[in-house]
Amino acid sequence: MELTFYIAAAVAVLSTIMVITRYNLIHALLYLVVSFLAVAVVFFTLGAPFMAALEVIIYAGAIVVLIIFVIMMLNLSGEDVQREKEWLQPATWVGPALLSLVLLAELVYILAVADTPRAQQLVAVDARAVGLALFGPYVLGVQLCGILLMAGIVGAYHLGRQKKKVVHRFLERRAAS
């Protein structure tokens with residue numbers, strides 16, 4: 001079990017470094033998903049399956065969808081769409097796919113050698129307890145996360161709107177000359 005923790009942690013660190021160093025937003029997004037999945041495996045190996053499920057559902061699901069909506073909101077031109085199609089060649093998927101296969105192999109190994117005494121030590125956590133914890137002592141953190149997400153959405157909207165204004169002015173000047 002300890003080896004799977006270290007492998008998942010290494011995959012998380014490697015994929016996070018790849019997120020930071022990628023110039024292409026789609027490539028960074030793919031590595032970000034792998035990073036979230038690796039952190040979920042780390043949570044699972046530490047005995048927190050509920051946190052692992054939340055990591056996959058909230059981060060790998062909801063936040064990635066939010067980023068995709070921001071990309072769509074920026075209203076890319078035809079040239080940008082063609083360039084993006086060129087970026088999504090099979091070679092783009094090799095790195096994230098290999099790291100995901102490592103995580104899948106780890107998860108299969110964990111489930112195959114799961115010992116039953118450890119499963120008896122787990123305590124079921126219901127949604128009410130999570131809600132009370134989030135909106136009790138951790139309400140400030142929840143509110144700050146909400147403000148941060150809202151700031152990201154407003155910033156993305158502002159950037160997309162400015163791009164449209166520049167393109168509109170360019171087209172007006174071109175039509176006038």
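Computed from a prediction, not measured in an experiment: that's the story for all the values here.

**Student:** What exactly am I supposed to notice about the overall build of the chain here?
**Tutor:** What the chain contains, in helices and strands, is 8 helices and 0 strands. In sequence order, the secondary structure elements of the chain are arranged as α-α-α-α-α-α-α-α. Within the chain, the fraction of its 177 residues that count as buried is 21%. Considering only residue pairs separated by 6 or more positions, the chain has 75% of its internal contacts joining residues 24 or more positions apart. On the chain, roughly 12,400 Å² of surface is accessible, and the fraction owed to carbon and sulfur atoms is 73%.

**Student:** I'm lost on the packing of aromatic side chains in this one. Help?
**Tutor:** What describes a pair of aromatic rings is the distance from one ring centre to the other and the angle between the planes of the rings. A complete count under the given rule lists 1 aromatic pair for this structure. Relative to Y6, the ring of F5 lies with its centre 5.3 Å away and its plane at 70 degrees, an arrangement referred to as edge-to-face.

**Student:** Honestly, helix 2 (residues 25-45) in this entry has me stumped. Any pointers?
**Tutor:** An α-helical turn contains 3.6 residues, so a residue and the one three or four places further along point in the same direction. In a regular helix each residue adds 1.5 Å, so 21 residues correspond to 30 Å; helix 2 covers 30 Å between its end C-alpha atoms and thus fits that length. Among the 21 residues that make up helix 2, 15 are buried, leaving the element largely enclosed by the rest of the structure. Positive phi appears at G47, one or two residues downstream of helix 2, with a value of about 90 degrees.

**Student:** Whenever I open this one, the environment of S100 confuses me. Can you help?
**Tutor:** Position of S100 among the secondary structure elements: in helix 5 (residues 90-112). By relative accessible area, S100 is classed as partly exposed at 27%. Note: C-alpha distance between S100 and V34 (66 residues apart in sequence) is 6.2 Å.

**Student:** Hey, could you run me through the confidence of the model for the chain in this one?
**Tutor:** Fine structural detail should not be taken from predicted coordinates in areas where pLDDT scores are low. Confidence along the chain averages 78 in pLDDT terms, with 81% of residues attaining 70 or more. Between the elements of the chain, mean pLDDT differs from a low of 55, seen in helix 6 (residues 116-121), to a high of 89, seen in helix 1 (residues 2-21).

**Student:** Mind showing me how you'd approach the packing of helix 1 against helix 5 here?
**Tutor:** At a minimum axis distance of 10 Å, the contact between helix 1 and helix 5 shows a crossing angle of 160 degrees. In this view, helix 1 runs roughly antiparallel relative to helix 5, as classed from their interaxial angle. Crossing angle aside, the handedness with which helix 1 passes helix 5 is left-handed. Contacts between helix 1 and helix 5 involve L3, T4, F5, I7, A8, V11, L14 and S15 from the first element and L99, V102, L103, E106, Y109 and I110 from the second. The residue makeup of the contact of helix 1 with helix 5, split by class, is 11 nonpolar, 2 polar and 1 charged.

**Student:** Is there a simple way to think about a nonpolar patch on the surface in this case?
**Tutor:** On the surface, L134, F135, Y138, V139, L140, L144 and I147 cluster together into a nonpolar patch covering about 730 Å² of accessible area. Broken down by element, the residue count for the nonpolar patch peaks at 4 residues, all from helix 8 (residues 139-176). Counting through the fold element by element, V139 comes out in helix 8.

Cut-offs applied
- Residues numbered from 1 in each chain as written.
- Predicted model: local features only at pLDDT ≥ 70, side-chain atom pairs only at ≥ 80, totals over all residues.
- Heavy atoms only, no water.
- Helix = DSSP H or I, 4+ residues; strand = E, 2+ residues; numbered from the N terminus.
- Buried < 20%, exposed > 50% of the residue type's maximum accessible area, 1.4 Å probe, protein only.
- Contact = heavy atoms within 4.5 Å.
- Areas by Shrake-Rupley, 256 points an atom, 1.4 Å probe, with all protein chains shown as cover.
- Phe/Tyr/Trp six-rings, centres within 6.5 Å; stacked < 30°, edge-to-face > 60°.
- Expected span 1.5 Å × (residues − 1).
- pLDDT = per-residue confidence, 0-100.
- Axes fitted to C-alpha atoms, helices over the stretch in contact; angles between N-to-C directions.
- Parallel < 35°, antiparallel > 145°, perpendicular 65-115°, else oblique.
- Left-handed = near helix turned anticlockwise from the far one by under 90°.
- Nonpolar A, V, L, I, M, F, W, Y, C, P; charged D, E, K, R; others polar.
- Patch = residues over 30% accessible without salt bridge, like charges linked within 9 Å, V, L, I, M, F, W, Y side chains within 5 Å.
- Salt bridge = Lys/Arg side-chain N within 4 Å of Asp/Glu carboxyl O.

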